[in-house]
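# Secondary and tertiary structure notes
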Amino acid sequence: MTDQQLALQAISEAQLILEEYLQPCHKDNACILEKLVEVLECPALIVAVGRLQQQGSCS
């Protein structure tokens, strides 16, 4: 999976988690936050975003 694909997948997952948070029904906000942190703090994603940022600064 490319860095771009990994970043897009993480954004899609984060959007779904935020949709869950925005639902009016009773929810476990701590659990939702844990899911979001899990997606955004994935080591592979952090490395991929770092590479993408380096590519952007070299252009």
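Higher on the page you've got the structure.
Quick look at the structure, then. (Residues numbered from 1 in each chain as written. Predicted model: local features only at pLDDT ≥ 70, side-chain atom pairs only at ≥ 80, totals over all residues. Heavy atoms only, no water.)

### Section: the nonpolar core
In summary, soluble globular proteins display a tendency toward joint burial of nonpolar side chains. Counting residues in each nonpolar core, the largest one holds eight residues, listed as Ala7, Ala10, Ala14, Ile17, Ile32, Leu36, Val39 and Leu45. Every element with two or more residues in this core is listed here: α1 (3–22) and α2 (29–40). Ranked by residue count, the leading element in this core is α1, at four residues. (Core = buried A, V, L, I, M, F, W, Y, C linked by side-chain atoms within 4.5 Å. Buried < 20%, exposed > 50% of the residue type's maximum accessible area, 1.4 Å probe, protein only. Helix = DSSP H or I, 4+ residues; strand = E, 2+ residues; numbered from the N terminus.)

### Section: a negative patch on the surface
On the surface, Glu13, Asp28, Glu34 and Glu38 cluster together into a patch of negative charge. Accessibility expressed as a relative area gives 48% for aspartate 28, which makes it partly exposed. (Patch = residues over 30% accessible without salt bridge, like charges linked within 9 Å, V, L, I, M, F, W, Y side chains within 5 Å. Areas by Shrake-Rupley, 256 points an atom, 1.4 Å probe, with all protein chains shown as cover. Salt bridge = Lys/Arg side-chain N within 4 Å of Asp/Glu carboxyl O. Lys, Arg positive; Asp, Glu negative; His and termini not counted. Charge placed at Lys NZ, Arg CZ, Asp CG, Glu CD.)

Function cannot be inferred from these measures alone, as they are strictly geometric.
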